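# Structural features, examined
Each chain is listed here by its residues.
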Amino acid sequence: MAAINDLVNQIENLELRERIQREINKMNKQKKFGLVFEEHLPECTPLYDIPVRAGSLVARKSGDMNELYTVFEINGKKAVCKRFEGMEISEFSVSALVSVAKFGDPIYPCLKPIDSVCNAPDSDLWHTLIEADNYHALQLFEYLYAGKVDCIYIDPPYNTGARDWKYNNDYVDGNDTYRHSKWLSMMQKRLRIAKKLLNPKDSVLIVTIDEKEYLHLGCLLEELFPEARMQMVSTVINPKGNRRDNEFSRCEEYIYFVYIGVAAIISNGTDMLREMDEVEEGNGKDKSVRLRALLRQASNHGKRTDRPNLFYPLLFERETGKFVGHGPVLDITEDRNSYTPLDGVVAMWPIGANGTELTWNLQPTTLMDKHRQHFLSFGRWDGEKRTGYYLSEGQEENFKKGLYNIVGQDQDGAYVIELKSVEDRDVRPMTIWHKKSHSASEYGTTLLNNIFHDRRFSFPKSVYAVKDTLRFFVANKPNALIIDFFAGSGTTLHAVNLLNAEDGGHRRCIMVTNNEVSDAEAKELTKAGHHPGDAEWEALGIARYVTWPRTVCSIEGHDINGNPLKGNYLGSDIPMANGFKANAAFFKLSFLDKNAVALGMQFKEMLPTLWMKAGAHGKCPELDGNDIPKVLILPENRFAVLTEDDAFPELEAQLADHPEIDTVYIITDYEAGYCAMAKSLKVAHTYQLYRDYLDNFRINTGRN
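Residues numbered from 1 in each chain as written. Predicted model: local features only at pLDDT ≥ 70, side-chain atom pairs only at ≥ 80, totals over all residues. Heavy atoms only, no water.

Another aspect to go through is the overall build of the chain. When its secondary structure is counted, the chain shows 18 helices and 32 strands. Referenced to the eigenvectors of the C-alpha coordinate spread, the extents of the chain come out at roughly 105 × 75 × 55 Å. Taken across its 704 residues, the chain has 51% of its residues classed as buried. Look at the contacts in the chain between residues 6 or more apart in sequence, and 67% of them connect residues 24 or more apart. As presented, the chain carries roughly 34400 Å² of accessible surface, and 50% of it is formed by carbon and sulfur atoms. Separation between the mean location of the 83 positive side-chain charges and that of the 100 negative ones in the chain comes to 3 Å. (Helix = DSSP H or I, 4+ residues; strand = E, 2+ residues; numbered from the N terminus. Buried < 20%, exposed > 50% of the residue type's maximum accessible area, 1.4 Å probe, protein only. Contact = heavy atoms within 4.5 Å. Areas by Shrake-Rupley, 256 points an atom, 1.4 Å probe, with all protein chains shown as cover. Lys, Arg positive; Asp, Glu negative; His and termini not counted. Charge placed at Lys NZ, Arg CZ, Asp CG, Glu CD.)

Have a look at this one:
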């Protein structure tokens, strides 16, 4: 090193000498063993909604985001710029430039409302989608939810070599020599902040990945979470396999689970991922449960004339054989051929092998009760009929006593059960998952196609795969907070809503995605003269073109054309057309001027942030006009704001009438006054504005 330092000192250009010395210092700090990778220049974020002014740090919209300039002056529509950390002077059109947030600079984020969907006006459950660079969104989350998150589920870019993700606003493809280290650098910065969000006592980080980066990711997670326990699961997502020339076909990917604190899987004595047709050797004993046949035999008073009120048709989809319900009970005088089912539906009557009209063992209402409880099952479909079975009353009692294991569910949602033996009372899921409903093709791509028809998203996850993965950790946390900062098409929120619908939970999901367009779309838009930030460009971005429309459609139960979604969710009797009793708000991450914040000039812009910090209860509030009240009481949102010290008695009086408010923001520069007021308030949380907000981002930026 001494020789290198001597050579550096011989460089006459002072600026060049200092820059080289800084890079050498960085190299000296690098590890000599373990996961070693190039810590690349930090990412720069374009701020399309921030005006370009004199003194702004900018980049060219169509250029490299690392080529930074400082605006020296603006003359009309032209900006005179000086190269950042250089002497070069250039002139650009102001419209060709974009303000930039450089990694490491203090940023003061806010949430700009874009849209919302409300399908449960009586519920205060509001999910959130944020359009943003996820690094800055994570910085905001550190202010909002440090140590409060129950589960983080992410599906980051897999770094396959395709042009499917960007670093510093440039696509990273297979020709990039530093492809792997750029990916690791990108992940490391985000996971460091994500760790601060997780509840240190009991939470989990879930990361999906494929073979391109799973080894690197495992090492990175071990370094960042040395105190945690970690497992990797192999999961089949493409049962048919993805053909690789001269190699094995790839059918699986991997899921890393990082257990924080006392976190553990919740199996409730049930292997939630065992297939119904899976055979186990077990202990050699027959564990099968023999169900009762639905068709009553003639020898058991089962003729139609014996019990005419039990003669009715069961209905199945012609193409798939899926059970869809039953038809009317026919009078003894009515010919069964007089009943005609709807198009595409087949009616199956209780008919014996010799053509005798028999009956079912169950009344129609009892039959549907069995179906809703997952106690009604059917055999294979031959195009005309399926043999029916159900749990008898005695078997139902055994089920309630916990004498059976649920080993799966069939296509109609019926439980597949077996006798529970002493050896398997605490059944644990395996580390290899092979479940039909986890197929990304059928329950990811096809599901999205049913919503969008003409819009494409590459490699969406199966909504059931994500739901099952989350359920292992939040099944007993009905109010869990779940974050996904690589939201993609929005599968995680869809899965959380489905999980809530199945068990009555009130779990809240926050998703983050950028609004990038595909490589092909970017070329077409550029050819047409559009740039990032233009309305035409933004309309085709993933957040606005895929993630948010999917969120709205899945919650309201229709496709993008307004037509009801078809079918039920697998394993349940929940029609997709019913949507979900849930609400969601859509925001874009923007940035505030810290001086304007300190002067209280941007309170309205900060209101959504305060809403989220208080728990995102009820619809995000808005203020009309320019006047800000001295006391803002928001019972529906469970928070209040004091904007003037002298109105504190009024605040106390109003809080006495609203015990549901558990968060109060006090705007004051007087530290002692804030402490005195906070102490006298009987609420769970108080925060001093704007000091709490400004200090958080000023201090934490340097630490991250």
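Moving on to the sheet that holds strand S17 (residues 314-317). Spatial strand order, S18-S17-S19: three strands in an open sheet with antiparallel pairing. The strands lining the two open edges of the sheet, one partner per strand, are strand S18 (323-326) and strand S19 (345-348). Across the sheet, the mean angle from the axis of one strand to that of its neighbour is 30 degrees, orientation sign disregarded. As judged from the three bridges shared by S17 and S18, these two strands associate in the antiparallel manner. Note that in S18 the partner of Leu-315 across the bridge is Gly-325. The strands touched by helix H6 (residues 364-372) are S17 and S18; relative to S18, the strand with the most contacts, the crossing angle is about 155 degrees. (Pairing = 2+ DSSP bridges. Axes fitted to C-alpha atoms, helices over the stretch in contact; angles between N-to-C directions.)

With antiparallel pairing, three strands are arranged side by side in an open sheet as S15-S22-S21. Looking at the sheet topology across the chains shown, the edges are occupied by strand S15 (292-293) and strand S21 (376-378). Pairing geometry for S15 and strand S22 (residues 388-390), over two bridges, is antiparallel. Bridge pairing links Arg-292 to Tyr-390 in S22.

This part takes up the packing of aromatic side chains. Tallying each qualifying case throughout the model produces 24 aromatic pairs. Three or more aromatic residues joined by ring pairs make a cluster, and in this case those are Phe-257, Tyr-259, Trp-433, Phe-472 and Phe-473. Sitting over the face of the ring of Tyr-143, Lys-613 holds its NZ or CZ atom 4.1 Å from the ring centroid. The side chain of Lys-613 reaches across the aromatic face of Tyr-687, ending 4.4 Å from its centre. (Phe/Tyr/Trp six-rings, centres within 6.5 Å; stacked < 30°, edge-to-face > 60°. Lys NZ or Arg CZ within 6 Å of the ring centre and 35° of its normal.)

Before going further, it helps to spend a moment on the nonpolar core. Counting 76 residues, the largest nonpolar core has Ile-152 and Tyr-693 as the members making the most contacts within it. If sequence neighbours within four positions are ignored, Ile-152 has contacts with Ala-194, Leu-197, Leu-198, Val-204, Leu-205, Ile-206, Ile-483 and Phe-485. Counting residues in each nonpolar core, the second largest holds 49 residues, with Phe-452, Cys-509, Leu-565 and Ala-582 among its members. (Core = buried A, V, L, I, M, F, W, Y, C linked by side-chain atoms within 4.5 Å.)

What follows is about the side chain of Asn-637. As for its placement among the helices and strands, Asn-637 is situated in the loop between strand S29 (631-634) and strand S30 (639-642). A polar contact of 2.8 Å, which involves the side chain of Asn-637, links it to the backbone oxygen of His-617. Apart from residues no more than four positions distant in its own chain, Asn-637 is found in contact with Trp-611, Ala-614, His-617, Gly-618, Lys-619 and Pro-621. (Polar contact = N/O pair within 3.5 Å; in protein donor to acceptor, adjacent residues only side chain to side chain.)

Taking every second residue as pointing to the same face, both faces of S30 are buried, with Phe-639 and Val-641 on one and Ala-640 and Leu-642 on the other. Across four bridges, the pairing between S29 and S30 is antiparallel. Within the sheet, the bridge partner assigned to Leu-632 lies in S30 and is Val-641. The antiparallel hairpin formed by S29 and S30 contains four residues in its connecting segment, where Arg-638 sits at a positive phi of about 65 degrees. Judged from the four bridges that link them, S30 and strand S31 (residues 663-667) form a sheet pairing that is parallel. Across the sheet, residue Val-641 finds its bridge partner in S31, namely Tyr-665. Handedness of the crossover is the feature at issue here: the chain leaves S30, passes through helix H16 (residues 648-656), returns alongside S31, and the resulting connection is right-handed. (Right-handed = clockwise from strand over helix to strand, strands pointing away.)

Their axes nearest at 9 Å, the elements helix H3 (residues 134-145) and helix H4 (residues 179-197) cross at an angle of 15 degrees. Taken together, H3 and H4 sit at an angle that is classed as roughly parallel. Where H3 crosses over H4, the handedness of that crossing is left-handed. In contact with Asn-134, Tyr-135, Leu-138, Gln-139, Phe-141, Glu-142 and Tyr-145 of H3, H4 contributes Lys-189, Arg-190, Ile-193, Lys-196 and Leu-197. Partitioned by chemical class, the residues of the contact of H3 with H4 number six nonpolar, two polar and four charged. (Parallel < 35°, antiparallel > 145°, perpendicular 65-115°, else oblique. Left-handed = near helix turned anticlockwise from the far one by under 90°. Nonpolar A, V, L, I, M, F, W, Y, C, P; charged D, E, K, R; others polar.)

This part takes up the state of the cysteines. Covalently bonding the sulfur atom of one cysteine to the sulfur atom of another cysteine gives a disulfide. Scanning all chains against the criterion turns up zero disulfides. Cysteine Cys-151 shares no disulfide, and the gap to the nearest cysteine sulfur, in Cys-509, comes to 9.2 Å. (Disulfide = S-S within 2.5 Å.)

Evaluated as defined, the whole model comprises 26 salt bridges. With a closest N to O distance of 2.7 Å, Asp-124 and Arg-638 form a salt bridge. Of this pair, Asp-124 sits in the loop between strand S7 (109-118) and strand S8 (126-131) while Arg-638 sits in the loop between S29 and S30, and the two are 514 residues apart along the sequence. Taking the relative accessible area as the measure of exposure, Asp-124 reaches 18% and is therefore buried. With relative accessibility at 29%, the residue Arg-638 sits in the partly exposed group. Between Glu-396 and Lys-370 there is a salt bridge, and its shortest N-O distance comes to 2.3 Å. Linking Glu-396 in helix H7 (residues 393-400) with Lys-370 in helix H6, this pair joins segments that are 26 residues apart in sequence. On the accessibility criterion, Glu-396 (12% relative accessible area) is buried. Taken together, the salt bridges that share partners define one network made up of Glu-211, Lys-212, Arg-250 and Glu-252. (Salt bridge = Lys/Arg side-chain N within 4 Å of Asp/Glu carboxyl O.)

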